[in-house]
Amino acid sequence: MTTPQISIRNLCVDYITDAGDVRAVNNVSFDIGKGEVFGLAGESGCGKSTVAFSLMRLHKPPAFITGGEILFDGHGDILKFNDQKLSSFRWSEMSMVFQSAMNALNPVLTLEEQFCDVIMHHTNLTREQAVRRAQGLLEIVDIHPDRLQDYPHQFSGGMRQRLVIAIALALNPKLIIMDEPTTALDVVVQREILQKIYALKEEFGFAILFITHDLSLMVEFSDRIGIMYSGELVEVAPSKQILETPYHPYTEGLSSSFPPLTGPKTRLKGIPGNPLNLLDVPQGCRFQARCSKAHNACFSQSTQLRQLEPGRLSNCHLYNK
Ligand SMILES: Nc1ncnc2c1ncn2[C@@H]1O[C@H](COP(=O)(O)OP(=O)(O)O)[C@@H](O)[C@H]1O
Ligand SMILES: [Mg+2]
């Protein structure tokens, strides 16, 4: 990995509700290098979006960040920013493409209004200059600049998604968080958009936190992957290695739940059991009840993500050396 663009250290996020206090993100630590694509994978409800929103500090009650640091190159700890610093930092240094972002555009405003809003709020550009910047952004995502006068409903789903990506790029951020950026689109359009994002990343050099439940897309487009299980990061590895030599039984289970990219068809096994009830977290490893390899230590000793070899981290007791 190159120099970290962002270092997340022991991030804890709790949902404080009437039913109880749920620790949805527990001591999560990882870095994303400059220009790197870091994929975050794991079953629905494991905490991926909670991490994403916390990095932008866009999380809302009942979610509260209860611990940790989010260090951004040259800016220090995002969690210590005051409102003014946060507002000038957000979108210009780090931006986000939300899940189902294609519905995030305002239906009653033209694209020109929406692009100029973002650009003029964060820069000293005049309206005319902002329009020119907006036209350039449309061209970047292969949409004709004349269409700046149009309204969101005049575009297809795939085009709307590209427009949201163009807005995320508007201020040349150094990190873009993409939470299920293409999930609502058909497979062919998904791939086209991801290829476009990848080409833009190569051109502009921003880093990406890429969240998708589609592990094969993630392996294809990420440099490294972190696997989350019930609020914890259980494994981090280069994407080329993670499915071939997983260092956590959960990763193994995940990889056998997805069809291989190449080779003969095999029967998919999946992972028996259900994700943990976060209101009732057992002592020891959070994956114990679903793990076919669980042994004594897994029921008594807490787990911690550790480096097993350069670039390979796991929190599994099996690999305790
Ligand atoms: N509004 C909420 N109120 C209470 N708990 C929540 C809320 N949103 C999320 N959670 C808890 O946080 C966990 C992680 O959710 P989320 O980050 O959305 O997961 P993912 O994006 O991986 O599907 C959920 O399993 C749930 O326990
Ligand atoms: Mg999510």
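Not measured: the values here are computed from a predicted model.

1. Some points on the overall build of the protein
Item 1. Helices and strands together make up the secondary structure of the protein, namely 10 helices and 12 strands.
Item 2. Relative to the compact-globule value of 20 Å for 321 residues, the protein shows a C-alpha radius of gyration of 20 Å, a close match.
Item 3. If you line up the protein on its principal axes, its C-alpha atoms span 65 × 50 × 40 Å.
Item 4. Across the 321 residues that make up the protein, the buried fraction comes to 50%.
Item 5. Approximately 15200 Å² of the protein is accessible, and the part contributed by carbon and sulfur atoms is 51%.
Item 6. Computed over 30 positive and 34 negative side-chain charges, the separation of the two mean positions in the protein equals 4 Å.

2. Thoughts on the packing of aromatic side chains
Aromatic ring pairs are described here by two measures, namely the spacing of the ring centres and the angle between the planes.
Item 1. Within this structure, the stated rule accounts for 9 aromatic pairs.
Item 2. Between phenylalanine 30 and phenylalanine 38, the ring centres sit 4.7 Å apart and the planes meet at 10°, which makes this aromatic pair stacked. The same class applies to phenylalanine 30 and to phenylalanine 38, which are both buried.
Item 3. Lysine 85 extends its terminal NZ or CZ atom over the ring of phenylalanine 81, reaching a point 4.9 Å from the ring centre.

3. Some details on the site of ligand 1
Item 1. Among the 14 residues in the neighbourhood of ligand 1, the closest are listed as Gly45, Gly47, Lys48, Ser49 and Thr50.
Item 2. Contact between ligand 1 and cysteine 46: an oxygen atom at 3.3 Å from a main-chain N or O atom of the residue.
Item 3. Within the side chain of threonine 50, an N or O atom sits 2.5 Å from an oxygen atom of ligand 1.
Item 4. Relative to its unbound accessible area of 560 Å², ligand 1 is 64% covered by the protein chains.
Item 5. Elements with a minimum of two residues in the shell around ligand 1: β1 (4-17), β2 (20-33) and α1 (48-56).
Item 6. Looking at which element gives the most residues to the shell around ligand 1, the answer is α1, with 3 residues.
Item 7. Residue classes in the shell around ligand 1 are distributed as 6 nonpolar, 6 polar and 2 charged.

4. Remarks on the sheet that holds strand β4 (residues 63-72)
Item 1. Strand order in the open sheet formed by 4 strands is β2-β1-β4-β5, and the pairing between neighbours is antiparallel. Pairing within the sheet leaves two strands with one partner each, and these edge strands are β2 and β5 (76-77).
Item 2. Against the sheet, α1 contacts β1, β2 and β4, and its axis sits at roughly 115° relative to β1.

5. Comments concerning the side chain of aspartate 179
Item 1. Here aspartate 179 is to be found in strand β7 (residues 175-179).
Item 2. In this structure, aspartate 179 is buried with no salt-bridge partner, the nearest side chain bearing the opposite charge being lysine 48 at 6.8 Å.
Item 3. Not counting chain neighbours up to four residues away, the residues in contact with aspartate 179 comprise Ser49, Ala52, Phe53, Met96, Val97, Phe98, Gln99 and Ile211.

6. Section: the pairing of strand β3 (residues 37-41)
Item 1. Summarising burial for β3: 5 of the 5 residues are buried, a large majority.
Item 2. Of the two faces of β3, the one carrying Val37, Gly39 and Ala41 and the one carrying Phe38 and Leu40 are both buried.
Item 3. Sheet topology note: the β3/strand β8 (residues 207-211) ladder contains 4 bridges and is parallel. Along β8, the bridge assignment pairs phenylalanine 38 with leucine 209.
Item 4. Summarising the sheet, β3 and strand β9 (residues 224-229) pair through 4 bridges and their orientation is parallel. From the neighbouring strand, leucine 40 faces β9, where its bridge partner is glycine 226.

7. Brief notes about the nonpolar core
Item 1. In this structure, Phe115 and Leu163 are the most contacted members of the largest nonpolar core, which totals 37 residues.
Item 2. Per-domain counts for this core show at least three residues from each of domain 1 (4-93 + 173-283) and domain 2 (108-171).
Item 3. Every residue in contact with leucine 163, bar those within four places of it in the chain, is listed here: Leu105, Leu111, Phe115, Leu138, Ile143 and Phe155.
Item 4. In terms of nonpolar packing, the next biggest core, distinct from the first, is built from 32 residues, Ile8, Val28, Met94 and Leu233 among them.

8. Considering the domain arrangement of the protein
Item 1. Segmentation of the protein into domains returns domain 1 (4-93 + 173-283) and domain 2 (108-171).
Item 2. Relative placement of domain 1 and domain 2: their C-alpha centres are 27 Å apart.
Item 3. Contacts between domain 1 and domain 2 engage 17 residues on the former and 13 residues on the latter.
Item 4. It is Trp91, Ile193 and Lys196 in domain 1 that bury the most area against domain 2; as a group they hold 34% of the surface buried on that side.
Item 5. Here aspartate 142 ties to lysine 196 by a salt bridge, and the two come within 3.3 Å at their closest N and O atoms.
Item 6. Mapped onto the side of domain 1 that touches domain 2, the elements with two or more residues apiece are α2 (83-89) and α6 (187-204).
Item 7. The element that contributes the greatest number of residues to the side of domain 1 that touches domain 2 is α6, accounting for 6 residues.
Item 8. Residue composition of the side of domain 1 that touches domain 2, by class: 11 nonpolar, 4 polar and 2 charged.

What counts as what
- Residues numbered from 1 in each chain as written.
- Chains lettered and ligands numbered in written order.
- Predicted model: local features only at pLDDT ≥ 70, side-chain atom pairs only at ≥ 80, totals over all residues.
- Heavy atoms only, no water.
- Helix = DSSP H or I, 4+ residues; strand = E, 2+ residues; numbered from the N terminus.
- Rg over C-alpha atoms; globule rule 2.2 N^0.38 Å.
- Buried < 20%, exposed > 50% of the residue type's maximum accessible area, 1.4 Å probe, protein only.
- Areas by Shrake-Rupley, 256 points an atom, 1.4 Å probe, with all protein chains shown as cover.
- Lys, Arg positive; Asp, Glu negative; His and termini not counted.
- Charge placed at Lys NZ, Arg CZ, Asp CG, Glu CD.
- Phe/Tyr/Trp six-rings, centres within 6.5 Å; stacked < 30°, edge-to-face > 60°.
- Lys NZ or Arg CZ within 6 Å of the ring centre and 35° of its normal.
- Near = heavy atom within 4 Å.
- Polar contact = N/O pair within 3.5 Å; in protein donor to acceptor, adjacent residues only side chain to side chain.
- Nonpolar A, V, L, I, M, F, W, Y, C, P; charged D, E, K, R; others polar.
- Pairing = 2+ DSSP bridges.
- Contact = heavy atoms within 4.5 Å.
- Axes fitted to C-alpha atoms, helices over the stretch in contact; angles between N-to-C directions.
- Salt bridge = Lys/Arg side-chain N within 4 Å of Asp/Glu carboxyl O.
- Core = buried A, V, L, I, M, F, W, Y, C linked by side-chain atoms within 4.5 Å.
- Domains from an automatic or database assignment.
- Buried area = accessible area lost by both parts, 1.4 Å probe.

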